[in-house]
Amino acid sequence: MADHAETNEDRPCLESRPSPGPAPVVPSRDELLAYVRAQPGSAPIKVDYIDFSKVKEKFARNNQQRSTEANHGKTKGIREGSGDEPPTKKQRVRGQNKHRPRDKHTLPSERPCLDVLRGGTCQYGEQCKYSHNIKKLMDDKLPDVGPRCFIFDQFGACPFGLLCRFGSSHIDAEFKSIIDDEKVKQTGGKQIVLNALSRNLQIQLRKKKYDFKKYDQYMKSLKTSGKNGSLNQAGTPNDLAGKVTIATDNAARHAGAVTDADIIKLRPCEKKSLDVENKLLLAPLTTVGNLPFRKVCKQLGADITCGEMAMCTNLLQGQTSEWALLKRHPSEDVFGVQLCGGYPDTMTKCAELLSNTIDIDFIDVNVGCPIDLVYHKGAGSGLMNRMGKFQEIVRGMSSVLDIPLTVKMRTGIQEGKLIAHKVIPQVLNWGASVVTVHGRTREQRYTKQADWSYLRQCAEAAAPYPFIGNGDILSYEDANFFREQSGSSGLMIARGALIKPWVFTEIKEQRHWDISSRERLDLLQDYVNMGLTHWGSDTEGVRKTRRFLLEWLSFLHRYIPVGLLETLPQRINQRPPYFVGRDDLETLMTSANCADWLKISEMFLGPVPDDFHFLPKHKANAYK
């Protein structure tokens, strides 16, 4: 068979061949600078520190994307007659709270006896199912991550004994943990942390044997105020608990001698007060507002601190992990806890429980949490849609507390419907001492700017009671303007403290602090030392300290050094262009790459284990 001869039909048409297109244009430095300045919300970085090589890459990517979209538009016009649909745009994933990978590490096949490793004697002896072979366990132990144990140097003894990952400083050749008797005598041998959950209380809660006396008395007062605790026309409980008739009625039915506690109740003016006038408050911050972080903020000038949001049902069940959120450092002179729940009975019981068992100065009701998991259960910001339950919660908690009750809420649920100014007078009338308002709605989450002008209306609605404003404070100039605009008695700072915790110092000293990279590294070292003391210096404690440090770095890297800005101050909704710092450490600390955050953690906690996984919980979207 003869070979196939090439014909004109087989040759590709020159007109149908794809054209190479114009050569890419290399932008000049001035064009790149104009491109950077034209970006919405771009922070004004000095030209000398802008990384033009990365800006050029981004400029090229944007041009390529723009040309692709233009070609796609032409293709769409051609396909309109054929009925083919263009590919749909992938929807943006909101937040990272859902489907986060769990940090699970593999445990050794032979589990050690913790009592022996901590230098004690095992109470089970030979019947213990864990290994007592100290030499083998020490041979299999992971290498130390540092030469010195901060806990041992500070207190003279390390409670983690042979488990300590800094144990070379206090473990001798015979595998015994050394104790510095003189330092132990001075310091007590360990850090004092308040509000720990006792074993006896945990058993009472789990067996539901804790006696809620004030709660029972409050419920009886509701029943005597109307038939079967009926509601008035407004759909709220009649507030007759303070009347003498009910108090004497309760006393008449009391078995045994009648005491003052049966007939006398504290009036609101007789309760302890919370002084917030011109005070700086650290907001309750989920995950990142832990005890080591609050300790750093106290060192830098925070006046009042509040623990992380705690779920009231978990506290009533005696869950150890939830009670850990209530722990208080001795340096926190004014400290409160924030409770979250959607039902009056559990919130009232929890308020009485905490008031009786731990050392706190106030309790805050969470009416601002925007996440779906909380909102759809009627708690957090969902209470602003359930005014009946909201009222019962505040009245019930106020009736069983002898410490101030505060409420933190948002401006509203929907973006166009601001209702906080209408709710505040009612909340104060129900028994709250102070109201805090975050200047955003639930739908806004943390996008757009906080509405400072509306907070003025909220402050006027709260008069003569104190009012606390919250939202977008990142410098002393922001704080001054915020006070002027909102009329707030005190200022609550949340993300501003995460991005730059020294903002408390700046506000008090009325200056911009051009903090060096070395000073910032020292703050991280203080945080790590406090974290190892709080969570432990063993393998599990080191992992927890690393994870919480990375959570904080996911906010801290957004700080732009003062010396790099053309105009001050930095705004919380500004995105910096690619830039380099004044030294390598400053450049590393401003990196948005999670791999660089891991490098920072390795400076304090050694190499990252192969089985360690981290995904930031909070996706920063304040730039938008």
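Numbering of residues starts from 1 in every chain and runs along the sequence as written. Only residues with pLDDT of at least 70 are given local features in this predicted model, and only at 80 or more are side-chain atom pairs given and counted; all residues enter the totals for whole chains, interfaces and linings. Think of the side-chain values as coming from all heavy atoms in the structure, minus any hydrogens and water.

**Q** For this particular structure, what's the right way to read the overall build of the protein chain?
**A** Helical segments are the DSSP runs of H or I of at least four residues, strand segments are the runs of E of at least two, and each set is numbered from the N terminus. Secondary structure summary: the protein chain contains 25 helices and 8 strands in total. Any residue under 20% of the maximum accessible area for its type is buried, any over 50% is exposed, and the rest in between are partly exposed; the area is computed with a 1.4 Å probe on protein chains only. Buried positions account for 48% of the 624 residues belonging to the protein chain. Across the protein chain, the fraction of contacts at a sequence separation of at least 24, relative to all contacts at a separation of at least 6, is 69%. Surface exposure of the protein chain reaches about 33000 Å², of which carbon and sulfur atoms provide 51%. By definition, residues are in contact when any of their heavy atoms lie within 4.5 Å. Computed with the Shrake-Rupley method and a 1.4 Å probe, the accessible areas treat only the protein chains shown as cover for residues.

**Q** How should I be thinking about the environment of K185 in this particular structure?
**A** Counting through the fold element by element, K185 comes out in helix α6 (residues 181–187). On the basis of relative accessible area, K185 is assigned to the exposed category, the value being 76%. Along the primary structure K185 and G156 are separated by 29 residues, whereas in three dimensions their C-alpha atoms are 8.6 Å apart.

**Q** Quick question: what am I supposed to make of helix α7 (residues 199–206) here?
**A** For an α-helix, 3.6 residues make a turn, and residues three or four places apart therefore share a direction. Turning to α7, its buried residues are L201, Q202 and L205. Projected onto a plane normal to the axis of α7, the buried residues spread over an arc of 100° and lie on a single side. Exposed residues lying more than 90 degrees from the buried face of α7 are R199 and N200. Against α12 (312–316), α13 (320–323) and α14 (344–357) lie the buried residues of α7. Positive phi shows up at K208, right after α7, with a value of about 55°. Each direction from the helix axis to a C-beta atom contributes to the arc, which is the arc of those directions.

**Q** Hey, could you run me through the side chain of D478 in this one?
**A** By the element assignment, D478 lies in helix α19 (residues 476–486). Residues contacting D478, with those up to four places away along its chain left out, are W452, D472, I473, P569, Q570 and R571.

**Q** Quick question: what am I supposed to make of the pairing of strand β2 (residues 305–311) here?
**A** The two faces of the sheet receive side chains in turn, since in a regular strand these alternate between them. Most of β2 sits inside the fold, with 6 of its 7 residues counted as buried. Strand pairing requires that DSSP identify at least two bridges connecting the strands. Relative to strand β3 (residues 335–340), β2 is paired through 5 bridges, and the arrangement is parallel. Its bridge partner lying in β3, M311 is registered against C340.

**Q** Could you clarify how one ought to interpret the nonpolar core in this entry?
**A** Soluble globular proteins tend to bury their nonpolar side chains together. With 140 residues, the main nonpolar core has L354, I363, F390, M409 and L524 as its most contacted residues. Ranked by the residues each element gives to this core, the list is headed by helix α23 (residues 539–556), at 8 residues. Among all residues touching I363, those that are not within four sequence positions of it are V337, L339, A351, L354, M397, L401, I403, P404, L405 and T406. What makes a nonpolar core is a set of buried Ala, Val, Leu, Ile, Met, Phe, Trp, Tyr and Cys residues whose side-chain atoms join them at distances within 4.5 Å. Listed in part, the 13 residues of the second largest apolar core include L32, A43, F52 and L565.

**Q** What is the right way to read the environment of A420 from this model?
**A** Here A420 lies in helix α17 (residues 420–430). A420 sits 18 residues away from H438 along the chain, and the two C-alpha atoms are 9.8 Å apart. The residues touching A420, leaving out its near neighbours within four places in the chain, are M409, R410, T411, V437, Y454 and C458.

**Q** Please explain the packing of helix α11 (residues 291–299) against helix α22 (residues 517–535) as it appears in this structure.
**A** Two measures define how a pair of helices packs: the angle their axes make with one another and the distance between the axes. Simply put, an axis is a line fit to the C-alpha atoms, just over the touching stretch for a helix, and the angle between two N-to-C directions goes from 0 to 180 degrees. α22 packs onto α11 with a crossing angle of 140° between their chain directions and a minimal axis gap of 8 Å. Judged on the interaxial angle alone, α22 and α11 are oblique. In the crossing of α11 with α22, the sense of the turn from one axis to the other is right-handed. Together, L291, P292, F293, K295, V296 and Q299 of α11 and L523, D526, Y527, M530, G531, H534 and W535 of α22 make up the contact between the two elements. Nonpolar residues are Ala, Val, Leu, Ile, Met, Phe, Trp, Tyr, Cys and Pro. Charged residues are Asp, Glu, Lys and Arg, and all others, Gly as well, are polar. A breakdown of the residues in the contact of α11 with α22 according to their chemical character gives 8 nonpolar, 3 polar and 2 charged. To sort the angles, those under 35 degrees are grouped as roughly parallel, those over 145 as roughly antiparallel, those from 65 to 115 as roughly perpendicular, and the leftovers as oblique. A crossing counts as left-handed when the near helix is turned anticlockwise from the far one by less than a right angle, and as right-handed when that turn is clockwise.

**Q** Would you mind going over the pairing of strand β4 (residues 362–367) with me for this structure?
**A** Among the 6 residues in β4, 6 count as buried, and that is most of the element. Both faces of β4 are covered, namely the face carrying F362, D364 and N366 and the face carrying I363, V365 and V367. One ladder, built from 4 bridges, connects β3 with β4; its direction is parallel. Paired with L339 across the strands is V365, a residue of β4. By convention, orient the strands away from the viewer: a clockwise path from the first strand over the helix to the second makes the crossover right-handed. Once the chain exits β3 it traverses α14 before rejoining the sheet at β4, and the crossover so formed is right-handed. Sheet analysis places β4 next to strand β5 (residues 405–412), joined by 5 bridges and oriented parallel. Within β5, the residue paired with I363 across the bridge is L405.

**Q** Where do I start with unusual backbone geometry in this structure?
**A** Peptide bonds are trans in most cases, and residues, glycine excluded, mostly fall at negative phi. Omega for the peptide link from A463 to P464 comes to 5°, which places this bond in the cis form. Relative to the helices and strands, P464 is located in the loop between α18 (452–462) and β7 (467–470). That bond from L568 to P569 is cis: its omega, 0°, falls within 30 degrees of zero. Topologically, P569 is positioned in the loop between α23 and α24 (584–589). Even without being glycine, R445 reaches a positive phi, approximately 55°. Backbone geometry at Q510 places phi at a positive 50°, although glycine is not the residue there. Tracing the sequence through the fold places Q510 in the loop between α21 (503–509) and α22.

**Q** How should I be thinking about the pattern of salt bridges in this particular structure?
**A** A pair can form between side chains of opposite charge whenever their charged atoms are brought close. What makes a salt bridge here is a side-chain nitrogen of Lys or Arg within 4 Å of a carboxyl oxygen of Asp or Glu, nothing more. In the structure shown here, the tally under the stated rule is 22 salt bridges. The partner of E566 in a salt bridge is R37, and the shortest N-O contact between them spans 3.3 Å. Here the residue E566 occupies a position in the loop between α23 and α24, and R37 occupies one in helix α1 (residues 29–38), the gap between them amounting to 529 residues. Residue class for E566 comes out partly exposed when judged on its relative accessible area of 43%. With a shortest N-O distance of 3.0 Å, R582 and E586 are connected by a salt bridge.

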